[in-house]
Amino acid sequence: MKNVIKAALVLAVVAMAASCSNQDKEDYPYSTRYLPVVLQGSTRWSILDIETGEVVAKDAFKQAPSAIVDDMFYVPGDKGGIYYYSMSDPKHPVNKEPYASGTEFSTDGLAVASRKGGNLQVIDKTCKTVADLGDSIVQCSMFDRGLAVAGNAQGKQGFVDKQGKVAIPMQYDQVAPFQYCDHTVAMNQQDTAYVDFSFIDRTGKETFSSNSTMYKPGPVFKRDVLKVQKRDTLVCLNPEGKEVPDPAQVPNKILRSYDAAKAVGKSYIVIKDGLAGLVDHSGQQLLPLKYADLRDIASNRLLAAKKGDNYYRLVDDQGKPVGKARIVHVNGTPGTNAVIGKVDPANVAARLMMPIDERGYAGIAKGADVATFYQMLDGVHPEQYNGNNVLVTQMGNVVFDGPIVSKVAGGYSFNLKTPVQAVMATADVSIYPNDTEQQVVDIMAQNMGKAGFVETGGNVFASATGTAVAIGYAKGTIMVVYYMDKAKARPIANEPR
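Scope of this entry: the structure provided in the associated data block. (Residues numbered from 1 in each chain as written. Predicted model: local features only at pLDDT ≥ 70, side-chain atom pairs only at ≥ 80, totals over all residues. Heavy atoms only, no water.)

Quick look at the packing of aromatic side chains
A complete count under the given rule lists 16 aromatic pairs for this structure. Consider the rings of Tyr 74 and Tyr 84, whose centres lie 5.9 Å apart with planes at 80 degrees: the pair is edge-to-face. A residue pair is termed long-range when its members are at least 10 positions apart, and Tyr 74 in strand S5 (residues 72–76) and Tyr 84 in strand S6 (residues 82–86) qualify at 10 residues. Among the residues examined, Tyr 84 registers a relative accessible area of 0% and is labelled buried. Taking the centre distance of 6.3 Å and the plane angle of 80 degrees together, the rings of Phe 453 and Tyr 482 count as edge-to-face. Of this pair, Phe 453 sits in strand S39 (residues 453–457) while Tyr 482 sits in strand S42 (residues 477–483), and the two are 29 residues apart along the sequence. Given the relative accessible area of 3%, Phe 453 is considered buried. Aromatic rings pair up to connect Tyr 74, Tyr 84, Tyr 99 and Phe 105 into one cluster. Over the face of the ring belonging to Tyr 99 we find Arg 115, whose NZ or CZ atom lies 3.9 Å from the ring centre. Directly above the aromatic system of Tyr 180 lies the positively charged group of Lys 222, at a separation of 4.9 Å from the ring centroid. (Phe/Tyr/Trp six-rings, centres within 6.5 Å; stacked < 30°, edge-to-face > 60°. Helix = DSSP H or I, 4+ residues; strand = E, 2+ residues; numbered from the N terminus. Buried < 20%, exposed > 50% of the residue type's maximum accessible area, 1.4 Å probe, protein only. Lys NZ or Arg CZ within 6 Å of the ring centre and 35° of its normal.)

Right, here's the structure in full:
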């Protein structure tokens, strides 16, 4: 089951440095001066001081550090879990025992983390517990403006405050963090095509409500507006739901002069003839059009790559180099969620059993083929599937009996009649106690009969319709493989952590 089609993100950069004006604080909300980077010629992670350009903790980490907010960050351990570090001592972790999961720290000096087998907890910079979130909260984001998105086992979301108390009830299917301002959007999905949404403030008060027949809301408020889709047009709504001008709108003078332009802080990255530069609001050139790529990371710091270079340099908003580092990878995007360190194995088993039916898996029926998935394939560029027989979908990894495309005269053609061999789904339980995966597999095995399957040996179960299911685990990951033909089913060798 190799050659999986999937998307990859090479460079993750977020604007997050300290700044002064209100607009800067909205565009760059996370106060820090440090950025995790991989330098040219290295495979390990260092930390870059973006004020001075100095490389600190050079090649110190094998795993990628998280975004560094308020001088705090975490790094995954080689044997699992995460360890928090302070920029006051970036070579030694603050916590001696690993957390199972955790968020980045906020500008409030707090994070949310869980121990294996424990509840989510609010912790301070010394990793001292400030508040225990209890059994009812199973997922939590980092804090933004004193509130963190919290989710319960029923899939509803709301907010908790810094004391760990519920500030806005968990009554929404999805809420966005208060990342850039004091309003956010909260949504409830009525069906696959209809969404109710509301704008709420930090007290939970609704200031506007609508639905997806009128607007399709964007993810987050920024500069006190939310971009929404109104029919075929993007418009901006203020917290009261009134349509207002886009505060990040690029002036027409700049739009007419360049192929593309994007507002970054008080300036605009512009592109013409494949080269990027920087201009101010009047169109005055700040950085010449000579860069193959230009990315803002702070109100006066950018990563710039010249044409022909395979690395970035840190520059200020006048194009002056800041330090001498040659950067090939960056990890500066905060947004990790922490999850509770314990779980009911029966709930995990039930979730994994839900898509299983003797006639097919999650709506993928026996007899499905490449044609079944044609609507989700990129028909314009079939060449990207060349040599692949696995397609990643929301239902799981779909494995076909042969390649998805074949080379033909003039290009590639989809093999529409190639049948589905199997669908593979996984569940990572590595943050939970070591016997969790065995408990889940045992519960699933006990319940396969209710789904119309009989064990044939080695946790492989066959149905009267000729389909089969294999269940097992490897190093904290539970695997479920649904075979369309039971003759092709193979047992999964269990591998403990």
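Now that the structure is up, let's keep going.
Overview of the sheet that holds strand S7 (residues 101–102)
As summarised here, the arrangement of the four strands in space is S7-S8-S9-S10, forming an open sheet in which the pairing is antiparallel. Edge positions in the sheet fall to S7 and strand S10 (129–132), since each of these pairs with one other strand and no more. Here four bridges tie strand S8 (residues 111–114) to strand S9 (residues 120–123), and the two strands are oriented antiparallel to one another. Looking across to S9, one finds that Ser 114 is bridged to Leu 120. (Pairing = 2+ DSSP bridges.)

Notes on the sheet that holds strand S23 (residues 260–264)
Strand order in the open sheet formed by six strands is S23-S24-S25-S26-S27-S28, with antiparallel pairing between adjacent strands. In this open sheet, the two edge strands, each paired with only one partner strand, are S23 and strand S28 (313–316). Averaged over all adjacent pairs, the angle separating strand axes in this sheet is 45 degrees, with direction ignored. Direction of pairing for strand S27 (residues 301–306) relative to S28: antiparallel, over a ladder of four bridges. Bridge pairing in S28 links Leu 303 to Leu 314. (Axes fitted to C-alpha atoms, helices over the stretch in contact; angles between N-to-C directions.)

So, to be careful, I would describe these as geometric facts and stop short of saying anything about function.
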